[in-house]
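Residues per chain, in single letters:
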Amino acid sequence: MNLAVHPKRPTCARCLRAQSSCICGWITVLAPAAQVLILQHPLEIHQAKGSGRLLHLSLEDSVLVHGEQFEEEALRRLLHADAAGKPIRPVLLYPLLYPDTPGGSPAQALPDLSVPARLRLVILDATWRKSRKMLYLNPLLQQLPRLPLVDPPASQYRIRKAHRDDQLSTLEAACHALAQLEADESKYLPLLQAFDGFVAQQSAYLPDPSGLSDPPA
């Protein structure tokens, strides 16, 4: 039997996608006032429809870490350590109340949000189901004060199915949260507009986007 060997497609070293579907053209570099930590579920790493890496590449000094369950001390450092030695307060971008959210230790009250530079915005890049599992497996995340979005717009993330209009993509949620913290609705519009282009690009590869999986948190 003659088995054909298919060569591996060339990959972009920056966005980690096949060069034929590279998303680097949609990277829109912005400098958030708050520090940004993205905890990306392993299933999202090679998810073509995922927006977490585009978000990471677009936000200066953001940190992207892969994992589902983290070693406690390593996660504590990711959440609280600051290279400059200044006090930093992590806040988790997550609804205050969400069905089947793990209880565990009660979440802390929100710190003073008036100085975003003293905050670390923690974002779970995962489907809603996987984000709940990440919370369950990591009690330190359960304890974080939660930052809910105030009157979020309907998602434009039409390439992944959502059960509710307020279920935004990782990138959309982060942009609206940062705009909320900085009281500047216009600052992140260029990235949201670039995201529309990214969605259109991905839609071209999908014959039926309506049947796809849940969007990330």
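Fair warning: this is a prediction, and the values are worked out from it, not measured in the lab.

Undergrad: Sorry if this is basic, but what is going on with the state of the cysteines here?
TA: Put plainly, two cysteines are in a disulfide when a covalent bond ties their sulfur atoms together. For the structure shown, the criterion picks out zero disulfides. Between cysteine 12, a free cysteine, and cysteine 24, which holds the nearest cysteine sulfur, the sulfur-to-sulfur gap is 3.6 Å. Unpaired in this structure, cysteine 22 has its nearest cysteine sulfur neighbour in cysteine 24, at a distance of 3.5 Å.

Undergrad: Explain the layout of surface pockets to me, please; I cannot follow it from the model alone.
TA: Vacant regions in the atomic arrangement are exposed by a probe of water-molecule size rolled over the atoms. Roughly 380 Å³ of internal volume is contained in the largest pocket. For the largest pocket, the lining is made up of 21 residues, of which Leu16, Arg17, Ala18, His46 and Ala48 are closest to its centre. Its residues assigned to classes, the lining of the largest pocket shows eight nonpolar, eight polar and five charged.

Undergrad: Explain the confidence of the model for the protein chain here, please?
TA: With 80% of its residues at a pLDDT of 70 or more, the protein chain has an overall mean of 84. Segment residues 209–217 is flagged for pLDDT under 50; beyond a separation of four residues in sequence, or across chains, it makes 42 contacts in the model.

Undergrad: What exactly am I supposed to notice about the environment of proline 111 here?
TA: Positionally, proline 111 belongs in the loop between β3 (89–93) and β4 (119–125). Put simply, proline 111 and proline 145 are 34 residues apart on the chain and 7.7 Å apart in space, counted from C-alpha to C-alpha. Apart from residues lying up to four places away in sequence, proline 111 is in contact with Arg89, Val91, Leu119 and Pro145.

Undergrad: Got a minute to help me understand the nonpolar core in this structure?
TA: Within soluble globular proteins, side chains that are nonpolar generally end up buried alongside one another. Judged by nonpolar contacts, the single largest core of 35 residues is most densely connected at Leu55, Leu121 and Leu171. At the level of elements, β1 (35–40), α1 (52–58), β3, β4, α5 (170–182) and α6 (189–203) are the ones that each hand at least two residues to this core. No other element matches the eight residues that α5 contributes to this core. Not counting chain neighbours up to four residues away, the residues in contact with leucine 121 comprise Gln35, Val36, Leu37, Val91, Leu93, Leu147, Ala177 and Leu178. The next biggest cluster of nonpolar side chains, apart from the first, holds 17 residues, and it includes Leu37, Leu39, Met134 and Leu140.

Undergrad: Help me understand the sheet that holds β4, please; the structure alone is not making it clear to me.
TA: As summarised here, the arrangement of the five strands in space is β2-β1-β4-β3-β5, forming an open sheet in which the pairing is parallel. Two strands bound the open sheet, and with one partner strand each, they are β2 (63–66) and β5 (146–147). Sheet topology places β1 next to β2; four bridges connect them, and they run parallel. Bridge assignment links glutamine 40 to a residue of β2, and that residue is histidine 66. Sheet contacts for α5: β1, β3, β4 and β5; angle to β4, the most-contacted strand, approximately 160 degrees.

Rules used throughout
- Residues numbered from 1 in each chain as written.
- Predicted model: local features only at pLDDT ≥ 70, side-chain atom pairs only at ≥ 80, totals over all residues.
- Heavy atoms only, no water.
- Disulfide = S-S within 2.5 Å.
- 1 Å grid on protein atoms, 1.4 Å probe; cavity = no way out; pocket = protein on both sides within 12 Å on 5 of 7 lines; lining within 4 Å.
- Points joined across faces, edges and corners; volume = space filled by probe spheres on them.
- Nonpolar A, V, L, I, M, F, W, Y, C, P; charged D, E, K, R; others polar.
- pLDDT = per-residue confidence, 0-100.
- Contact = heavy atoms within 4.5 Å.
- Helix = DSSP H or I, 4+ residues; strand = E, 2+ residues; numbered from the N terminus.
- Core = buried A, V, L, I, M, F, W, Y, C linked by side-chain atoms within 4.5 Å.
- Buried < 20%, exposed > 50% of the residue type's maximum accessible area, 1.4 Å probe, protein only.
- Pairing = 2+ DSSP bridges.
- Axes fitted to C-alpha atoms, helices over the stretch in contact; angles between N-to-C directions.

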